[in-house]
Amino acid sequence: MQRVRESMEKEKMGDQNQFKRRLRVCVATCNRADYSKLAPIMFGIKAHPEEFDLEVVVLGSHLIDDYGNTFRMIEQDNFDIGSKLHTIVRGEDEAAMVESVGLALVKLPDVLQRLRPDILIIHGDRFDALALATAAALMNIRILHLEGGEVSGTIDDSIRHAISKLAHYHACCTPRAEQYLIAMCEDHSRILLAGCPSYDKLLSTHQKGDYMDIIKSWLGDKVQRHDYVVALQHPVTTDIQHSIKIYGLMLDALLSFNKKTLILFPNIDAGSKEMVRVMRKKGIEQHPNFRAVKHIPFEQFIQLVCHAGCMIGNSSCGVREAGAFGTPVINLGTRQTGRETGENVLHVRDADTHNKIYHALELQFGKRYPCSKIYGDGNAVPRILKFLHTIDLDEPLQKTFCFPPVKDPISQDIDHILETQSALSVDLGGTNLRVAIICMKGKIVKKYAQPNPRTFEARMHLLLKMCSDAMRDAVNLNCRILGVGVSTGGRVNPQEGVVLHSTKLVPEWSSVNLRTPISDALHLPVWVDNDGNCAALAEKKFGHGKGVENFVTIITGTGIGGGIIHNSELVHGSSFCAAELGHIMVSLEGPECSCGSHGCIEAYASGQALQREAKRLHDEDLLKVEGMDMKLSEPITAAHLISAAKLGNSKANAVLNRACTALGVGIVNILHVVNPSLVILSGVLASYYESPVQHIITERALVSAQSIKVVTSDLEEPALLGAASMVLDYATRRTY
């Protein structure tokens, strides 16, 4: 009975294996270097057709003639290339690398969608590989990354770690790389310490007897083993000029050293074009001691490295594969900084002349070192194939990170919990300098005011002192200041925080950088804008403009200003003079304005204009009427003009009618240009102007604009509130 049960279980297991789906594995290769690491895995997968379904995607420099059209060696290895993607944008500079990544990202989705692999195998740290990893991760395709966790000295380092974060599984080469991946919070159960796949071929190279034929085919019949140099130097994309300098010095040293040299062209990274130009300028391709080539098949290349007298340059092959043979290596520059190396590697980090490199050649050439197995023992491929078998396609695709434990805080501070997010608001007016602490809801927690000094130095000194005092008080008031908002008269560049041109009311206030000194003193971000724009922002956040996409705010005070909100955004204009509403001309022959022109709204309807007319009537003894309370020592203001008009003074009434008409006509012009849904009047004269302006709109505006409503602002401090809104909107955008 027991035998029958065992027999049935074996049959059941056999049926399950029979119907088990093959794992669809896509291997993507970008260049000759990564193919040397991927090819052994591809051969291993191809040798097990009952278990794996192999797809090959070729892109990058494989398909470029200048780099040897190396896709042909993949075809010569009898691999069927499922897709060839031309993804390289020529130029060999930083911009071309970025454009190449973008082009690859455009083309890869179609290929990956068609192939639908269970897993994509990517190697290394090239920009092409980053495009592959990005596309696959976004398309929910599992990624196995080879050689993650290693460290080197270029942008490749950042790219390699970025790919590791996108990858779901890792096959690394050294114990140190494994530990680095774990330190990067990668799941230890998804990390395989495999060794380098190329070592599976390298460690059998010594036994091959045809190496002399290979040496002679590339370097001539007279060259003997250990009596030639292999040179391979690539640009360092983060320091192109330095790498070009080192390349030139290497060529000078090799010319002086006078040994037969096999030199390979650099890769396609930014700076390679300049390096090739240096090589040709020195006549390397025509020199009898040099053989310059674009590509050598990997099996022949490793034979040439194995039996070379020395290898020089900054290729990873020098610090990795050459160690397997004990070939002496001179590593130039910073490209491999941080790589694990054997004792066969001599580093030349920098040089000003070729002498240092020449001495390194004298020290290294012809030596032999013990073979190093830092990067592998020749069994990487079997380990990787076994690892592929263990991948459970039913487990969640979303990768998780193994973060180290973080100590919880012992206690919480109730003051911090209750702390109020606030802004420090500054209003630089013609008369007073005001500072306020304003909370998120628009409540003024505390306000400070001082007369505005008439000189720049005194004004800045007082401004910084008042802000510092407010900052100290904010701590006691349990307010956390997020930033500083400044409202000021004149034309302002809010992007730079600079007052470009001031009004006559604030002297010595042109070409003034407000952002830098305030930010330096308080260590806070600073926003600066025109007082009219600030009034509009105040209405948008706290007033009648809340929730309104298109409206205009007009300040009717000492001058006339305002701000325009269009599609919920403040309009600044190309040179930051949009919404200078007070300087809309309503008459060609009107009174002179403070801007130097004639007939502006401000010249008719501002508090200053009304005060001027009140003084004129007073001087002509035409202002005072019966019942009007007016002291002899009292300065004449616009309020006296309004009071006289209300008591029946026809002259005062005529002045005010003209002012209302000018303001109303100006606002009609605004309605016809920007077509807002609401007009908000702000300032001391707003309540007086509201009704007349609404009447003029009804009379003079186009029919479609006549229904636009005019309201008086309810905000007591629009300039301060608007300055605060700049801080509160921007500084809290991350959380609100």
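All figures in this text were calculated on a predicted structure; none of them were measured in a lab.

Trainee: Outline the pairing of strand β14 (residues 420-428), listing residues and values.
Mentor: Among the 9 residues of β14, 8 are classified as buried, and the element is accordingly described as predominantly covered. Both β14 and strand β17 (residues 479-488) contribute to a ladder of 8 bridges, which runs parallel. Across the sheet, Ser422 pairs through a bridge with Ile481, a residue of β17. Here β14 pairs with strand β15 (residues 432-439) via 7 bridges, running antiparallel. Across the sheet, Ser422 pairs through a bridge with Cys439, a residue of β15. Counted between consecutive antiparallel strands, the loop separating β14 from β15 contains 3 residues.

Trainee: Which residues make up the sheet that holds strand β12 (residues 329-332), and what are the values?
Mentor: Read across the sheet, 6 strands follow the order β10-β9-β8-β11-β12-β13 without closing on themselves; strand pairing throughout is parallel. Since the sheet does not close on itself, it has two edges, and those belong to β10 (290-293) and β13 (345-348), each with one partner. Pairs of neighbouring strands in the sheet enclose a mean axial angle of 20°, with direction left out of account. Sheet topology places strand β8 (residues 229-232) next to strand β11 (residues 310-313); 4 bridges connect them, and they run parallel. Bridge pairing in β11 links Val229 to Cys310. Strand contacts of helix α12 (residues 298-306): β8, β9 (261-264) and β11, with the helix running at about 125° to β8, the strand carrying the most contacts. Contacting β11, β12 and β13, helix α14 (residues 355-364) runs over the sheet at an angle of about 170° to β13.

Trainee: I'd like a rundown of the nonpolar core, residues and numbers included.
Mentor: With 62 residues, the main nonpolar core has Met250, Ile263 and Ile312 as its most contacted residues. If near-sequence neighbours (up to four positions away) are discounted, Met250 is found in contact with Ala231, Gln233, Ile263, Ile312, Gly313, Leu332 and Ile357. Judged by nonpolar contacts, the second largest core, of 43 residues, contains Ala614, Met628, Leu641 and Ala645.

Trainee: Now, about the packing of helix α10 (residues 240-257) against helix α11 (residues 272-281): what can you tell me, with residues and values included?
Mentor: Orientation of α10 relative to α11, taken along the N-to-C sense of each, is 25°, at an axis distance of 10 Å. In terms of orientation, α10 lies roughly parallel with respect to α11. Regarding α10 and α11, the two cross each other, and that crossing is right-handed. Of the residues in α11, those touching α10 at Ile244, Tyr247, Gly248 and Leu251 are Glu274, Met275, Val278 and Met279. In the contact of α10 with α11, the residues fall into 6 nonpolar, 1 polar and 1 charged.

Trainee: A description of α14 should follow, citing residues and the corresponding values.
Mentor: Ile357, Ala360, Leu361 and Gln364 are the residues of α14 that are buried. Along the long axis of α14, the arc covered by the buried residues comes to 100°, so they all point the same way. Buried residues in α14 make contact with α10, β11, β12 and β13. Remark: Gly366 follows α14 within two positions and exhibits a positive phi of approximately 85°.

Trainee: Any chance you could break down the side chain of Lys541 for me, citing the residues and the numbers?
Mentor: Inspection of the secondary structure puts Lys541 in helix α19 (residues 531-542). Given the relative accessible area of 19%, Lys541 is considered buried.

Trainee: Got a sec to walk through the confidence of the model for the chain? Specific residues and values, please.
Mentor: The share of residues in the chain with pLDDT of 70 or more is 93%, and the mean pLDDT across the chain is 89. Within the chain, the element-level pLDDT minimum falls on helix α1 (residues 2-19), averaging 50, and the maximum on strand β5 (residues 142-146), averaging 97. Below pLDDT 50 for its whole length, residues 13-18 participates in 0 contacts with residues either more than four positions away or in separate chains.

Trainee: So what's going on with helix α22 (residues 638-646)? Residues and values would help.
Mentor: Three or four residues apart is the spacing at which side chains of an α-helix point the same way, because the helix has 3.6 residues per turn. The set of residues buried in α22 consists of Ala638, His640, Leu641, Ile642, Ala644 and Ala645. In this structure, the buried residues of α22 make contact with α21 (607-619), α23 (650-674) and α24 (686-700). Two residues or fewer after α22 comes Gly648, characterised by a positive phi angle close to 100°.

Trainee: Tell me about the pairing of strand β22 (residues 551-556), residues and numbers included.
Mentor: Among the 6 residues in β22, 6 count as buried, and that is most of the element. Every second residue of β22 is oriented toward a common face, with Phe551, Thr553 and Ile555 on one face and Val552, Ile554 and Thr556 on the other, all of them buried. Of the strand pairs in this sheet, β22 and strand β23 (residues 560-566) are connected by 6 bridges, and their pairing is antiparallel. Residue Ile554 lies in a different strand from β23, and its bridge partner there is Gly562. The antiparallel hairpin formed by β22 and β23 contains 3 residues in its connecting segment. Bridge count for β22 against strand β25 (residues 678-682) is 4 bridges, and the pairing is parallel.

Cut-offs applied
- Residues numbered from 1 in each chain as written.
- Predicted model: local features only at pLDDT ≥ 70, side-chain atom pairs only at ≥ 80, totals over all residues.
- Heavy atoms only, no water.
- Buried < 20%, exposed > 50% of the residue type's maximum accessible area, 1.4 Å probe, protein only.
- Helix = DSSP H or I, 4+ residues; strand = E, 2+ residues; numbered from the N terminus.
- Pairing = 2+ DSSP bridges.
- Axes fitted to C-alpha atoms, helices over the stretch in contact; angles between N-to-C directions.
- Contact = heavy atoms within 4.5 Å.
- Core = buried A, V, L, I, M, F, W, Y, C linked by side-chain atoms within 4.5 Å.
- Parallel < 35°, antiparallel > 145°, perpendicular 65-115°, else oblique.
- Left-handed = near helix turned anticlockwise from the far one by under 90°.
- Nonpolar A, V, L, I, M, F, W, Y, C, P; charged D, E, K, R; others polar.
- Arc of directions from axis to C-beta.
- pLDDT = per-residue confidence, 0-100.

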